[in-house]
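Observations on chain architecture
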Amino acid sequence: MKDTLAEVFRETGSKSIAAISMLILFAAVALIPNLGVLGQVFASSVPVSKKLIFALTLFGSPEANATTTGFITILISIFLSGIVIALGVYAFRKRAQNVGAMGVSGAGMVSAFIGIGCASCGSLLLTALIPFLGIGAFVSILPFGGAEFSVLGIALLLVSAYLLLKQIAKPMICAAL
């Protein structure tokens, strides 16, 4: 596994895909909860330079709005998602038929990001889904108040990475019988 991981990230393209994915995911985590404020600021008559500075300050909001544990799970989820995306792209390039492991990867990322949020405003995605799904009472009875979704997501991302590494390590042709 370690050799396969090293093989994948020896390529500059894989490193770039992982880094860009991580940056995009962190930006989404930082900016999506603040879209209302961003809309108001960018619609105002404030100079563009101040608008951009304000938008950049929001990149500190995940740390400020989450508990230490929540922020650490956010960072772990983003890191693992970037790795899984890079592995998925590499595997897809190597084998077009690698659909099974790709599906698990997507499920891991979705589950990891369902639990992102803070104690005061709730999770990013879960809060939006609760009224439609009627699961508010269910989340409130969970021992960790919904943080279980982040842990589940991290576990799924680890499984995804393992499955993708296993797929990448398989030979391109079947062994002779």
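A quick note: this is a predicted structure, and the numbers were derived from the prediction, not measured. (Residues numbered from 1 in each chain as written. Predicted model: local features only at pLDDT ≥ 70, side-chain atom pairs only at ≥ 80, totals over all residues. Heavy atoms only, no water.)

**Quick word on the overall build of the protein chain**
Our working rule: Helix and strand assignments come from DSSP, with helices taken as H or I runs of at least 4 residues and strands as E runs of at least 2, each series counted from the N terminus. It only takes one pair of heavy atoms within 4.5 Å for two residues to be counted as in contact. Areas reported here follow the Shrake-Rupley algorithm with a probe of radius 1.4 Å; residue values treat only the protein chains shown as occluding.
Along the protein chain, the regular secondary structure elements total 10 helices and two strands. For the protein chain, the N- to C-terminal ordering of α and β elements is α-α-α-α-α-α-α-β-β-α-α-α. In the protein chain, the share of contacts with a sequence separation of at least 24, taken over all contacts with a separation of at least 6, comes to 77%. As displayed, the protein chain has an accessible area near 10,300 Å², and 74% of this comes from carbon and sulfur atoms.

**A closer look at the environment of L56**
Summarising the element assignment, L56 is placed in helix α4 (residues 48-57). C-alpha of L56 to C-alpha of A30: the two residues are 26 residues apart in sequence and 9.6 Å apart in space.

**Structural notes on a nonpolar patch on the surface**
Let me state the cut-off plainly: Patch criteria: residues need more than 30% relative accessible area and no salt bridge. Like-charged residues are merged within 9 Å; nonpolar side chains of Val, Leu, Ile, Met, Phe, Trp and Tyr are merged within 5 Å. A pairing counts as a salt bridge when a side-chain nitrogen of Lys or Arg comes within 4 Å of a carboxyl oxygen of Asp or Glu. Throughout, exposure labels follow a simple rule: accessible area from a 1.4 Å probe, protein chains only, divided by the maximum for the residue type, with under 20% read as buried, over 50% as exposed, and the rest as partly exposed.
A contiguous nonpolar surface patch, about 280 Å² in accessible area, is contributed by F42, V48 and L52. If you trace the backbone, V48 turns up in helix α4. Under the relative-accessibility criterion, V48 is labelled exposed at 54%.

**So, the packing of helix α1 (residues 2-10) against helix α10 (residues 147-169)**
The cut-off we apply is this: Helix axes use the C-alpha atoms of the stretch in contact, all axes being lines fitted to C-alpha atoms, and the angles between their N-to-C directions lie in the range 0 to 180 degrees. Note on terminology: angles under 35 degrees are roughly parallel, angles over 145 are roughly antiparallel, angles of 65 to 115 are roughly perpendicular, and the others are oblique.
Running from N to C, α1 and α10 cross one another at 85°; their axes reach a closest spacing of 9 Å. With respect to their mutual orientation, α1 and α10 come out roughly perpendicular. Touching T4, L5, E7 and V8 of α1 are L165, I168 and A169, all from α10.

**Topic: the packing of aromatic side chains**
Defined as follows: Working definition: a ring pair exists when centres of Phe, Tyr or Trp rings (six-membered ring for Trp) sit within 6.5 Å. Plane angles under 30 degrees give stacked, over 60 give edge-to-face, the rest tilted.
Throughout the structure, instances matching the rule amount to one aromatic pair. Ring plane angle 20° and centroid distance 6.3 Å describe the contact between F26 and F59, whose orientation is recorded as stacked. Taken together, the positions of F26 in helix α2 (residues 12-31) and F59 in the loop between α4 and α5 (61-65) put the pair 33 residues apart, joining distant regions of the chain.

**A few points about the confidence of the model for the protein chain**
Rule in force here: The predictor attaches a confidence to each residue, and that confidence, scored 0 to 100, is pLDDT.
Of all residues in the protein chain, 67% attain a pLDDT of 70 or more, and the chain-wide mean is 75. The spread of mean pLDDT over the elements of the protein chain runs between strand β1 (residues 117-118), the lowest at 44, and α2, the highest at 90.

**A short note on the environment of K51**
Within the secondary structure layout, K51 lies in helix α4. Separated by 13 residues in the primary sequence, K51 and L38 place their C-alpha atoms 8.4 Å from one another. Apart from residues no more than four positions distant in its own chain, K51 is found in contact with V41, F42, S44 and V46.

**What about the nonpolar core?**
Filter applied, for reference: What we call a nonpolar core is a set of buried Ala, Val, Leu, Ile, Met, Phe, Trp, Tyr and Cys residues that are connected through their side-chain atoms within 4.5 Å.
Counting residues in each nonpolar core, the largest one holds 25 residues, and the members touching the most others are V8, F9, I78, L87 and I168. Per-element tally for this core: the top contributor is helix α6 (residues 68-94), with 10 residues. Setting aside residues up to four positions removed in sequence, F9 forms contacts with S14, K15, A18, I83, A86 and L87.

**Remarks on the packing of α1 against α2**
Quick reminder of the rule: Amino acids are sorted into nonpolar (Ala, Val, Leu, Ile, Met, Phe, Trp, Tyr, Cys and Pro), charged (Asp, Glu, Lys and Arg) and polar (every other residue, Gly among them).
At their nearest, the axes of α1 and α2 sit 5 Å apart, and the two run at 90° to each other. Taken as axis vectors, α1 and α2 run roughly perpendicular relative to one another. Between α1 and α2, the residues in contact are V8, F9 and R10 and T12, S14, K15 and A18, respectively. Per-class residue counts for the contact of α1 with α2 are three nonpolar, two polar and two charged.

**Digging into the side chain of K51**
To keep things clear, this is the line we draw: Here a polar contact is taken to be a pair of N or O atoms separated by no more than 3.5 Å, where protein atoms must pair a possible hydrogen donor with a possible acceptor and residues adjacent in sequence count only if both atoms sit in side chains.
Under the relative-accessibility criterion, K51 is labelled buried at 8%. Within the local environment of K51, its side chain forms a polar contact with the backbone oxygen of S44, the two atoms lying 2.9 Å apart.

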